Amino acid sequence: MFDVLVIGAGFAGSTAARRLAEGGKKVLIVEQRAHVGGNAYDEPDENGVLRHVYGPHIFHTDSTKAVEFLSRFTEWFPYEHKVLGYIEGKLVPIPFNLHSIEACFEPEKAAHLRKVLVDTYGMGTKVPILKLRESDDPAIKELAEFIFEHVFKYYTMKQWGYTVDQLDPAVTGRVPVSVSEDDRYFGNSFQQMPAEGFTQIFRKMLDHPNIEVQCGENAVPRLKPLPEEGKILWDGEEFTGPVIYTGILDELFGYCLGELPYRSLWFDVQSHAGDYQPVTTVNYPTPAEQHGYTRISEYKKLMKNPPAERTTIAVEYPFAYDRSAEKGNIPYYPVFTEESQEKYRGYKELADQIPNLYPLGRLAEYRYYDMDKITEHALEFAEELLK
Ligand code: FAD
Ligand code: UDP
C-alpha cells in the first residue's frame, strides 16, 4: 500500500521520495541496480579508495536550497576541482585561462594575447568558445582557433561522436574560456565534497518510515503506460497516484517512436602505487588516434583522508549507447542534436497524455542536469506535488 511510485533511486528519485515522505506520503521506490545512488554511487575499493563507480562526481553549486537539503544527510569538506589538459605535450589548465595562454605561447605573444583578451572581455569574465570564435579581432580569432583545435574539437568528437557544430552550443558552453588566473574548473560559491561520499547521503535520505526501497529490479516490465486511455498500470492494475519515472522514456514506451540516442562510457579502472597524476582529472583533447580516451581521473584526490600507499584511476572511453553491447550499455548522457530533441518531444507528448506520470531527472527529461540542479528541481517538483 503506497501513495507514490518512484522509479530510480538517483538524485531525482531519492530527493523527490524523501520530500514526499516527509509530506506524509507512502512511497515505493524501485531501482534496477543492486544499490541506490544512481550515477553518483561510490564504494571503497581494495586500495581504500572511494571509487565513483559510474564516473567521477564533483559537487559544486550556488543553490542554497540544494545545500541545505543535502546537509541534513552529510558533513562536507572543501574541495576545489582542478583539471589539466594535455596540449602539445604539456599539461595546461582547463578551462583554458590566462595561465594556459602563458603555457602555450612564447612570452611576448602570450602577453599580447592576455592583454587583448582582458581589454576586450574584462578580467574575471567567461566566454564560451563559440562566442570567442565569432570575434573580428585577428588576435582573438587566432587564439580562439587555437583553443578550439586543441581543447574542444577532438575531445567533443570523442565524447559525443559529433562535431561541435552538430551539438547544442550549451554543451561546450559548460566549459567557457576563462579570462582570469583562476585555475579552478568551477566558479561556484559552494565547492565541497560529502565527507563520507555520495552513497552515504542516499542511505540516510532514503531511511524514512514512509519510504520502501526495492533494489535489483527493472520497473518497466511492471509498468504499462496507456497514453490513449490517459492511464498507467502497475502490476496489471491502474495506479492512480503519482508515478515519478527517472529512467529513459523510450524504454518505458516500448521504443514505439524508435530509440533515443544516449552517450555511454566505459571506464578502464587501474590500480597503481603512490600517486598517478598532479590533479584529480587530466583531459586528453587530442585526436582519437593519439589517445582513444577523453580523460583520466584519480579518485583518491576526491577524498578527505586519501590512502598514501596506492591509488585507483579510471580511464574514460566514450561509446554510443547500445543496450545489448558489452561496453557502452549504460545510458549516461542524452545526446543534444536537433534530431534527438525532436524525437524526445514525441515521447514527452505520450507521457503528457498520462496526467499522473511525471518524467523527472537527467534521463527522463533528456536534460544535462548536474547533481545540485536536479536536487533543487526534484525538491521544487515534490513541493508542488504536495500542494
Ligand atoms: P541517475 O543518477 O542516472 O539515476 C537514475 C536511476 O534510475 C539509476 O539508478 C537507474 O538505475 C534507475 N533506473 C533507470 N531506469 C530504471 C528502471 N526501468 N527501473 C528501475 N530503475 C531504473 N554532476 C555533478 O554535479 N558533478 C559532476 O562532477 C558530475 N559528473 C558526472 C560524470 C558522469 C560520467 C556522468 C554520467 C554524470 C555526471 N554528473 C555530475 C551528473 C549526475 O550524475 C546527475 O546530475 C545525476 O546523476 C542525475 O540524477 P538522476 O536521478 O536524474 O539520474
Ligand atoms: N569539453 C572539451 N574539452 C575539454 C573539456 C570539455 O571539448 O577539455 C567539451 C566537451 O564537449 C564536453 C563539454 O565540453 O562534453 C562539457 O564538459 P564537462 O567537463 O562539463 O563534461 P562532463 O563532466 O559533463 O562529462
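Structure: above.
Residues numbered from 1 in each chain as written. Chains lettered and ligands numbered in written order. Predicted model: local features only at pLDDT ≥ 70, side-chain atom pairs only at ≥ 80, totals over all residues. Heavy atoms only, no water.

**Q** Hey, could you run me through the overall build of the protein in this one?
**A** Within the protein, the regular secondary structure consists of 11 helices and 22 strands. Relative to the 2.2 N^0.38 estimate, which gives 21 Å for 387 residues, the radius of gyration of the protein is 22 Å and therefore close to what a compact globule would have. Expressed along its principal axes, the backbone C-alpha trace of the protein runs to roughly 75 × 45 × 40 Å. Element-wise, carbon and sulfur atoms account for 48% of the exposed surface of the protein, whose accessible area totals about 17300 Å². Each charge class in the protein was averaged separately, 41 positive and 59 negative side chains, and the resulting centres sit 2 Å apart. (Helix = DSSP H or I, 4+ residues; strand = E, 2+ residues; numbered from the N terminus. Rg over C-alpha atoms; globule rule 2.2 N^0.38 Å. Areas by Shrake-Rupley, 256 points an atom, 1.4 Å probe, with all protein chains shown as cover. Lys, Arg positive; Asp, Glu negative; His and termini not counted. Charge placed at Lys NZ, Arg CZ, Asp CG, Glu CD.)

**Q** Just to check I follow, could you spell out the sheet that holds strand S11 (residues 190-194) for this structure?
**A** Strand pairing within a sheet occurs via backbone hydrogen bonds; the two strands may be parallel or antiparallel. Taken in spatial order, the three strands of this open sheet run S5-S11-S6, and their pairing is antiparallel. Edge positions in the sheet fall to strand S5 (60-61) and strand S6 (76-78), since each has one partner strand and no second. Taken together, the two bridges between S5 and S11 define a ladder with antiparallel strand orientation. Counterpart to Thr61 in the pairing with S11 is Phe190. (Pairing = 2+ DSSP bridges.)

**Q** Hey, could you run me through the nonpolar core in this one?
**A** One broad trend across soluble globular proteins is that nonpolar side chains are buried collectively. Grouped together as the largest cluster of nonpolar side chains are 84 residues, with contacts concentrated most on Leu5, Phe59, Phe198, Leu223, Tyr245, Phe253 and Leu357. In this view, Phe59 contacts Val67, Leu70, Trp76, Phe190, Gln191, Gln192, Met193, Phe198, Met371 and Asp372; residues no more than four positions away in its chain are not counted. Counting 29 residues, the second largest nonpolar core, distinct from the first, contains Ile101, Phe146, Val175 and Val179. (Core = buried A, V, L, I, M, F, W, Y, C linked by side-chain atoms within 4.5 Å. Buried < 20%, exposed > 50% of the residue type's maximum accessible area, 1.4 Å probe, protein only. Contact = heavy atoms within 4.5 Å.)

**Q** Just to check I follow, could you spell out the site of ligand 1 for this structure?
**A** Around ligand 1, 30 residues are found, and the nearest of them are Glu31, His57, Ile58, Asn218 and Tyr369. Ile58 is positioned with one of its backbone polar atoms (N or O) 2.7 Å from an oxygen atom of ligand 1. In this structure, a nitrogen atom belonging to ligand 1 sits 2.7 Å away from a side-chain N or O atom of Asn218. In isolation ligand 1 offers 1000 Å² of accessible surface; the protein chains occlude 96% of this area. Within the residue set of the shell around ligand 1, elements represented by two or more residues are helix H1 (11-22), strand S2 (27-31) and helix H11 (371-386). Looking at the shell around ligand 1 residue by residue, the class counts come to 15 nonpolar, 10 polar and five charged. (Near = heavy atom within 4 Å. Polar contact = N/O pair within 3.5 Å; in protein donor to acceptor, adjacent residues only side chain to side chain. Nonpolar A, V, L, I, M, F, W, Y, C, P; charged D, E, K, R; others polar.)

**Q** In this structure, what is going on with the site of ligand 2? I would like to understand it.
**A** Not every one of the 16 residues close to ligand 2 is listed here, only the nearest: Trp160, Arg174, Tyr185, Tyr333 and Tyr368. Within the backbone of Val151, an N or O atom sits 2.9 Å from a nitrogen atom of ligand 2. In this structure, an oxygen atom belonging to ligand 2 sits 3.1 Å away from a side-chain N or O atom of Arg295. The protein chains hide 94% of the 520 Å² of surface that ligand 2 would expose on its own. Elements represented by at least two residues in the shell around ligand 2 include exactly helix H6 (138-160) and helix H7 (170-173). Examining the composition of the shell around ligand 2, we find that six residues originate from one element, H6, more than from any other. Here the residues of the shell around ligand 2 sort into 10 nonpolar, four polar and two charged.

**Q** Got a minute to help me understand the environment of Tyr262 in this structure?
**A** Checked against the element boundaries, Tyr262 lands in strand S17 (residues 262-273). Look past the residues within four positions of Tyr262 in its chain and what remains in contact with it is Ile248, Leu249, Asp250, Ala320, Tyr321, Pro331, Tyr333, Pro334, Val335, Leu363 and Tyr366. Of note is the side chain of Tyr262, whose polar atom sits 3.4 Å from the side chain of Asp250.

**Q** Looking at this structure, I do not really get the packing of H1 against H11. What am I missing?
**A** Relative placement of two packed helices is described by the angle separating their axes and the distance separating the axes. At their nearest, the axes of H1 and H11 sit 8 Å apart, and the two run at 35° to each other. The chirality of how H1 crosses H11 is right-handed. In this structure, H1 uses Phe11, Ala12, Thr15, Ala16, Arg19 and Leu20 to contact H11, whose residues at the interface are Met371, Ile374, Thr375, Ala378, Leu379, Phe381, Ala382, Glu383, Leu385 and Leu386. Within the contact of H1 with H11, the residues separate by chemical class into 12 nonpolar, two polar and two charged. (Axes fitted to C-alpha atoms, helices over the stretch in contact; angles between N-to-C directions. Left-handed = near helix turned anticlockwise from the far one by under 90°.)

**Q** Just checking my understanding: could you explain the packing of aromatic side chains for this structure?
**A** The relative placement of two aromatic rings is captured by the distance of their centres and the angle of their planes. One pass over the structure, following the stated rule, counts 27 aromatic pairs. Grouping aromatic residues by their ring pairs yields a cluster made of Trp160, Tyr262, Tyr321, Tyr333, Phe336, Tyr344, Tyr366 and Tyr368. The aromatic ring of Tyr54 is capped on one face by Arg33, whose charged end is 3.8 Å from the ring centroid. The cationic tip of Lys327 hangs over the ring face of Trp266; the distance from NZ or CZ to the ring centre is 4.0 Å. (Phe/Tyr/Trp six-rings, centres within 6.5 Å; stacked < 30°, edge-to-face > 60°. Lys NZ or Arg CZ within 6 Å of the ring centre and 35° of its normal.)

**Q** Which parts of the structure should I look at to understand the side chain of Ser135?
**A** Mapped onto the secondary structure, Ser135 falls in the loop between helix H5 (129-132) and H6. A polar contact is formed between the side chain of Ser135 and the backbone nitrogen of Asp137, at a distance of 3.1 Å. The contact partners of Ser135, leaving out residues within four places of it in the chain, are Tyr121, Ile140 and Lys141.

**Q** What am I meant to see in the environment of Asp250 here?
**A** When you line up the elements, Asp250 lands in helix H9 (residues 249-252). Distance from Asp250 to Tyr299, taken between C-alpha atoms, is 33 Å for residues 49 residues apart in sequence. Those residues in contact with Asp250 that lie beyond four places of it in its chain are Tyr255, Gly258, Glu259, Leu260, Tyr262 and Tyr347. Of note is the side chain of Asp250, whose polar atom sits 2.8 Å from the backbone nitrogen of Leu260.

Keep in mind that these numbers describe shape and distance, not what the molecule does.
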